[in-house]
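# Structural overview for review
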Amino acid sequence: HPDSSRPQYADAVSFIQAGLADLSSAGLNPVLEAVIWLPAEHDAWWTPYRQNYAQRLTTVAANLRADLGTPTLKWYAAELPDYLTWGQPELDDLDAKIVSVAAADPYMWFVQTDSLSPTSPSPTIGALGALELGRLLARTYVRTL
């Protein structure tokens with residue numbers, strides 16, 4: 001897609017707002033309770049993204065909360081599993097940055113993914129890993145209610 005490299009933040013905010021408005025117009029009372037966040041593989045692989053990841057995650061969380069008027073919006077920031085082929089030092093560095101942001105933010109939790117079943121060495125999580133990740137994130141969310 002020709003726009004794949006442009007920032008998607010404004011589109012994401014509009015999408016969330018439109019979804020909430022649509023639910024409200026249907027007579028429901030929607031509440032945005034949480035953001036489930038998983039870094040992209042590129043965030044681990046490309047050094048400039050990884051080096052600035054903590055600041056970027058802090059900024060996007062603060063901006064989204066402000067733009068949506070939800071100052072206590074919960075964030076569940078998962079790590080990329082260690083079995084991915086992006087390199088262990090790079091994955092550990094990215095994890096450390098996510099941990100530091102979550103430690104400084106009372107409404108953000110770091111979600112470890114070491115329990116996910118590796119399929120084979122891969123640069124992506126895969127279908128089984130995605131299902132396991134969903135269950136792991138759901139359990140983490142329920143524990144923090």
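So, here's what we can say about the structure. (Residues numbered from 1 in each chain as written. Predicted model: local features only at pLDDT ≥ 70, side-chain atom pairs only at ≥ 80, totals over all residues. Heavy atoms only, no water.)

## Quick notes on the overall build of the protein
A tally of regular secondary structure across the protein gives six helices and three strands. Taken from the N to the C terminus, the helices and strands of the protein come in the order α-β-α-α-α-β-α-β-α. Against the globule reference of 15 Å for 145 residues, the protein gives a C-alpha radius of gyration of 16 Å, in line with a compact fold. Across the 145 residues of the protein, 31% fall into the buried class. Intrachain contacts of the protein at a sequence separation of at least 6 include 70% that bridge at least 24 residues. Within the protein, one finds 9 positive and 16 negative side-chain charges whose respective centroids are separated by 4 Å. (Helix = DSSP H or I, 4+ residues; strand = E, 2+ residues; numbered from the N terminus. Rg over C-alpha atoms; globule rule 2.2 N^0.38 Å. Buried < 20%, exposed > 50% of the residue type's maximum accessible area, 1.4 Å probe, protein only. Contact = heavy atoms within 4.5 Å. Lys, Arg positive; Asp, Glu negative; His and termini not counted. Charge placed at Lys NZ, Arg CZ, Asp CG, Glu CD.)

## Examining the pattern of salt bridges
Summed over all chains, the structure comprises four salt bridges. Here arginine 65 ties to aspartate 105 by a salt bridge, and the two come within 2.7 Å at their closest N and O atoms. On the criterion of sequence distance, the pair formed by arginine 65 in helix α4 (residues 53-68) and aspartate 105 in the loop between α5 (88-104) and β3 (108-111) is long-range, its members being 40 residues apart. Residue classification places aspartate 105 among the buried residues on the basis of a relative accessible area of 13%. (Salt bridge = Lys/Arg side-chain N within 4 Å of Asp/Glu carboxyl O.)

## Let's talk about the environment of tyrosine 9
Relative to the helices and strands, tyrosine 9 resides in helix α1 (residues 9-25). For tyrosine 9, a relative accessible area of 28% translates into the label partly exposed. C-alpha separation for the pair tyrosine 9 and leucine 64, spaced 55 residues apart in sequence, amounts to 8.6 Å. Not counting residues up to four positions away in its chain, the partners in contact with tyrosine 9 are Val60, Asn63, Leu64 and Asp67. Engagement of the side chain of tyrosine 9 in a polar contact is seen with the side chain of aspartate 67, the distance being 2.6 Å. (Polar contact = N/O pair within 3.5 Å; in protein donor to acceptor, adjacent residues only side chain to side chain.)

## Quick word on the packing of α1 against α4
Axis separation between α1 and α4 bottoms out at 11 Å; the angle between their running directions is 40 degrees. Relative to α4, α1 is oriented oblique. Judged by the twist between their axes, the crossing of α1 over α4 is right-handed. Of the residues in α4, those touching α1 at Tyr9, Val13, Ile16 and Gln17 are Val60, Asn63, Leu64, Asp67 and Leu68. Among the residues forming the contact of α1 with α4, the class breakdown is six nonpolar, two polar and one charged. (Axes fitted to C-alpha atoms, helices over the stretch in contact; angles between N-to-C directions. Parallel < 35°, antiparallel > 145°, perpendicular 65-115°, else oblique. Left-handed = near helix turned anticlockwise from the far one by under 90°. Nonpolar A, V, L, I, M, F, W, Y, C, P; charged D, E, K, R; others polar.)

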